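The lines below spell out each chain.
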Amino acid sequence: MRELPKSIDADVVIEISRLLDDRAKSAPVPVHKLASMISNSVETDLPTASIEELIVEMAMTRQLPMLFDLPEADADNVISIALARAS
């Protein structure tokens with residue numbers, strides 16, 4: 001994982017880590033949904049896009065599949081890390 005800038009809230013990083021560690025390894029990480037949950041549960045000045053970026057980086061480090069569940073999207077976009085590396 002990259003060196004975090006000083007503006008990153010440690011509480012956000014800790015919460016992301018906790019949520020990712022508590023997930024089943026085979027269940028895709030719903031990036032947008034987790035970012036919204038964290039924005040509502042942790043007091044932070046970080047925009048949702050920055051929280052989503054952290055979630056993606058931390059999920060990639062753990063080699064977790066991700067679900068890019070954009071608001072108002074009709075289809076689920078699941079990307080498996082193993083499949084991404086194979087291509």
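Our subject is the structure that appears above.
Bear in mind that the values here come from a model prediction, so they are computed numbers and not experimental data. What you see as residue numbers is a count from 1 along each chain, following the sequence as written. pLDDT decides what is reported in this predicted model: residues at 70 or higher carry local features, side-chain atom pairs at 80 or more are listed and counted, and totals for whole chains, interfaces and linings draw on all residues regardless. Only heavy atoms go into the side-chain values, all of them from the structure, while hydrogens and water stay out.

A. Up close: the overall build of the protein. Helix and strand definitions follow DSSP, with helices as H or I runs of at least four residues and strands as E runs of at least two, each counted in order from the N terminus. For the protein, the helix and strand inventory stands at four helices and three strands. Along the protein, helices (α) and strands (β) appear in the sequence α-β-α-α-β-β-α when read from the amino end. A buried classification covers 34% of the 87 residues belonging to the protein. Exposed residues in this analysis have more than 50% of their type's maximum accessible area, buried residues have under 20%, and partly exposed residues fall in between, with area computed by a 1.4 Å probe over protein chains only.

B. The packing of helix 2 (residues 31-41) against helix 3 (residues 48-61), seen in detail. The axes are straight lines fitted to the C-alpha atoms, using for helices just the contacting stretch, and the angles between their N-to-C directions are given from 0 to 180°. Following both chains from N to C, one finds helix 2 and helix 3 inclined at 120 degrees, their axes separated by 9 Å at the closest point. Between helix 2 and helix 3, the angle is such that the two are oblique. At the point where helix 2 passes helix 3, the crossing takes the right-handed sense. In this structure, helix 2 contributes V31, H32, L34, A35, I38 and S39 to the contact, and helix 3 contributes T48, I51, E52, I55 and V56. Nonpolar residues are Ala, Val, Leu, Ile, Met, Phe, Trp, Tyr, Cys and Pro. Charged residues are Asp, Glu, Lys and Arg, and all others, Gly as well, are polar. Class assignment for the residues of the contact of helix 2 with helix 3 results in seven nonpolar, three polar and one charged. These descriptions rest on fixed angle ranges, namely under 35 degrees for roughly parallel, over 145 for roughly antiparallel, 65 to 115 for roughly perpendicular, and the rest for oblique. Note on convention: near helix rotated counterclockwise from far helix by under a right angle means a left-handed crossing. Clockwise means right-handed. Residue contacts are counted whenever heavy atoms from the two residues lie within 4.5 Å of one another.

C. Seen up close, the environment of L34. Structurally, L34 is set in helix 2. The class of L34 is buried, set by a relative accessible area of 5%. On a C-alpha basis, the gap between L34 and E15 in space is 9.9 Å, while along the polypeptide they are 19 residues apart.

In short, geometric facts, not functional conclusions.
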